[in-house]
Structure formats: structure tokens, C-alpha cells
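For reference, the chains in residue letters:
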Amino acid sequence: MSQILIIYTGGTIGMMTDPVTKVLKPINFEQIMDNVPELEKLNCKIKVHSFDEIIDSSNMNPQIWSEMAGLIEANYDDVDGFVILHGSDTMAFTASALSFMLENLAKPVIFTGSQLPISAIRTDAKENLMTAIEIANAKKNGHARVPEVCIYFDYKLFRGNRSFKYNSSKFEAFRSPNYPILAESGVHLRFSVNDIRHHGDEPLILHKNLVNDVGVLKLYPGISPKVVANILSADVRGIVMETFGAGNTTTDSWFIDLLKNAIDSGKVIVDISQCKVGTVELGRYETSKQLKDVGVANGYDMTYEAAVTKMMYLLGQTDDPAEVKHLLETDLRGELTVS
Ligand code: ASP
């Protein structure tokens, strides 16, 4: 019989309204199990690891990501797949981070959670949980159908590092605008076979070292030299710059000079767009040509979540800014499309 490891970190799925304070607070996994008797009827064994501290995902951090990745490595040979119960708020960051930390992944790591607690009458948690388990357990010719880090939510399976939380009030909480969904559940569970990544037989490599020396420069018309200079001179090694449209910025010389100085001092700056759909095209407009000339990295169609966590991952891999830039522009785990 196959075996799935459920890793419980917290999130709304496992919360209850405190009768006194009326705020939503995490509960333990036994209380979750009590709400889903269907778990007993599955045709696979369920093993559970509950984190000591059950959290709202706004308290998620890279130390917990390392713990989570270590747990996956420790159980990798014993189970067929993993389901991670996680708050939806930062789920796309965690899924992106784990996609970089787990190189050569050959087993499913499926994140899910819910918008309503599992004890609520209209909850979306049960469907999300049961189908996530089914996907983590799905095989064809003895191989996992989806050997990727994914998010399953509201009948859709997304590549983790392509998705973001776009709605805090609908059950349809996630989208993956620049990459097709990997599976859809309805009467049948249909996998988009051609969009799912498989790699050779190389063993899993775990990268636990993430460096969070990452700054963010989100542009707006009228941003001042003082503000840009402050962000670029912060004690960080990498900067995610959120630009306009196809990767464009002001052409003011003070702005380009500040970017150039930061890059010359050893910082890496990656350009991603504030648009959720489409890709950065450095050099298409006059307003992005100089970015390329001064050495800004092209983030193509990466999500903000993927860009931040990829930067953390790469800064933990090498001290060489040129290598970080090169790898930022390279498709490592299906997180970007080079155009
Ligand atoms: N605040 C919750 C969390 O991210 C929201 C959710 O789970 O949907 O932990």
C-alpha cells in the first residue's frame, strides 16, 4: 500500500474561532482528523508530521522552509508523496522556495489549505485536502504523475513557483497566469501531461541554505532619488525590482546611475514586471535598454514570489554576482520562460 506524508504547518484549514476573543486560531491535527472521517477510507496509508508550533502563514520564514525541506528529504525513500497543509497567504512563497531547495525532485509535493476552516459547514478544506492526497498518490507505470512542488486549490493544480494568491475572499484563491494549470479536478481528475516536468534519474539534492539579504524596489511614477538611493544602498546582496509593463523604468540619468553603482558594488538586481501576465523584454523599449546595458538581470515572466525565493536560494549557492545573475536568467525549476 502506498504511503503519503502530510506535513501540517497551520493556516485557516486548521483554525477555529476562539469562543472568547472571536479571532481565528490554529488547532492541532487530531482535531482536523476528527472533521474528515473520509481520511480512513483512502487506499493509501497516511503518516502525519505536525510542526511543534502551528502558525498562520504570515509568520512563515526561511528557517521553517529548511526544516520542511529536511523533513521531505528524511522521508523521501519511505513515502510516495507529500501533502503540505499551509496557510494560503504565503503558500506561493513556500512552494516557490521548496521548488528551488529540492533539486531533482521525483515525488509530488502538494501544498494545500483552505479559505474556510475545516470545521465550517461550507468549508472548501475537505475537497482541497482529499484531492491533494489523491494527486500526491497518483502514479502511471509506477512513476509519480506530478513530480513537482505544486499548489492544489479549488479544483486546480498549479506549479508552485508559477502561482500567486490573488483573491482573499473567493475559494478560487490562486492563479498561475504565465503557465498552464497542471491538473483539473471535476468528475475526473485530468492531468495536463505535456505541461508537467519530469527529469532523469538523478538523486534528490537538498539545498537548505537560503540567504534573505534581499531588498525590493517597487517603482511608481515620481519615485525620488532619495527613496531609490536608500533602497539600493541597504545592506543586501540582491534586489528584486518591480518595473512597469514589459520591464520598463524611467530613463532619468540619476536612476540609471544609481542602478549602475549598486551593480558595480556587487549587488544583483533582477527586473520583474508589476503586470501579472506577460514577460520582461529588456531592450524592447527605450525605457528598458539601459537596464540591460548596466547589467540588470532579466526576470522574464517570474512571479514576485519566485523571484524573491530564487534570489534567496542563489545567494546561498554562490558569492559570485555574475553567476547569480546568470542563474536568475536561467530556467531552473520551470519558474520562467526564456523568450
Ligand atoms: N491567514 C491564513 C494563513 O495564511 C489564511 C489562510 O490560510 O488562507 O495562514
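Every value quoted in this text rests on a predicted model; they were computed, and no experiment measured them.

Draft legend 1. Geometry of the site of the ligand. Close to the ligand lie G11, T12, D56, S57, G87, S88, D89, S114 and Q115. One nitrogen or oxygen atom from the main chain of S114 is found 3.2 Å from an oxygen atom belonging to the ligand. Of the residues that constitute the shell around the ligand, the class distribution is no nonpolar, seven polar and two charged.

Draft legend 2. Molecular detail of the nonpolar core. Formed by 57 residues in total, the largest nonpolar core has its most connected members in I72, L98, L102, V109, F111 and I151. Among the elements that make up this core, the one with the highest residue count is helix α8 (residues 304–317) (eight residues). Ignoring anything within four residues of it in the chain, the contact list for L98 reads W65, M68, A69, I72, I84, F111 and V149. Of all hydrophobic cores here, the second largest spans 32 residues; its members include I4, I110, A138 and Y152.

Draft legend 3. Expanded view of the sheet that holds strand β11 (residues 156–159). Taken in spatial order, the eight strands of this open sheet run β4-β1-β5-β7-β10-β11-β14-β15, and their pairing is mixed. The open sheet is flanked by β4 (45–55) and β15 (189–191), the only strands paired with a single partner. Sheet twist, expressed as the mean angle between neighbouring strand axes with direction ignored, is 20°. Of the strand pairs in this sheet, strand β5 (residues 81–85) and strand β7 (residues 109–112) are connected by four bridges, and their pairing is parallel. Across the sheet, F82 pairs through a bridge with V109, a residue of β7. Lying over the sheet, helix α3 (residues 91–101) contacts β5, β7 and β10 (149–153), oriented at roughly 155° with respect to β10.

Draft legend 4. Quick look at the environment of Q3. Mapped onto the secondary structure, Q3 falls in strand β1 (residues 3–10). Sequence spacing of Q3 and F93 is 90 residues, and the spatial spacing of their C-alpha atoms is 26 Å.

Draft legend 5. The packing of aromatic side chains, seen in detail. Overall, the coordinates contain six aromatic pairs when judged by the stated rule. Of note, R159 hangs over the ring of Y179, and the distance from its end group to the ring centre comes to 4.1 Å. Lying across the ring of F164, K276 places its NZ or CZ 4.4 Å from the centre.

Draft legend 6. Summary view of unusual backbone geometry. The backbone of K22 sits at a positive phi, close to 70°, despite the residue not being glycine. Here N141, not a glycine, exhibits a phi torsion of approximately 50°, which is positive. Looking at the element boundaries, N141 is found in the loop between β8 (139–140) and β9 (143–144).

Draft legend 7. Seen up close, the packing of helix α2 (residues 62–75) against α3. Running from N to C, α2 and α3 cross one another at 55°; their axes reach a closest spacing of 10 Å. Between α2 and α3, the angle is such that the two are oblique. Considering the relative orientation of α2 and α3, their crossing is right-handed. Here W65, S66, M68, A69 and I72 of α2 lie close against α3, whose contacting residues are F93, T94, A97, L98 and M101. Classifying every residue of the contact of α2 with α3 by side-chain character gives eight nonpolar, two polar and no charged.

Reading the values: rules and limits
- Residues numbered from 1 in each chain as written.
- Predicted model: local features only at pLDDT ≥ 70, side-chain atom pairs only at ≥ 80, totals over all residues.
- Heavy atoms only, no water.
- Near = heavy atom within 4 Å.
- Polar contact = N/O pair within 3.5 Å; in protein donor to acceptor, adjacent residues only side chain to side chain.
- Nonpolar A, V, L, I, M, F, W, Y, C, P; charged D, E, K, R; others polar.
- Core = buried A, V, L, I, M, F, W, Y, C linked by side-chain atoms within 4.5 Å.
- Buried < 20%, exposed > 50% of the residue type's maximum accessible area, 1.4 Å probe, protein only.
- Helix = DSSP H or I, 4+ residues; strand = E, 2+ residues; numbered from the N terminus.
- Contact = heavy atoms within 4.5 Å.
- Pairing = 2+ DSSP bridges.
- Axes fitted to C-alpha atoms, helices over the stretch in contact; angles between N-to-C directions.
- Phe/Tyr/Trp six-rings, centres within 6.5 Å; stacked < 30°, edge-to-face > 60°.
- Lys NZ or Arg CZ within 6 Å of the ring centre and 35° of its normal.
- Parallel < 35°, antiparallel > 145°, perpendicular 65-115°, else oblique.
- Left-handed = near helix turned anticlockwise from the far one by under 90°.

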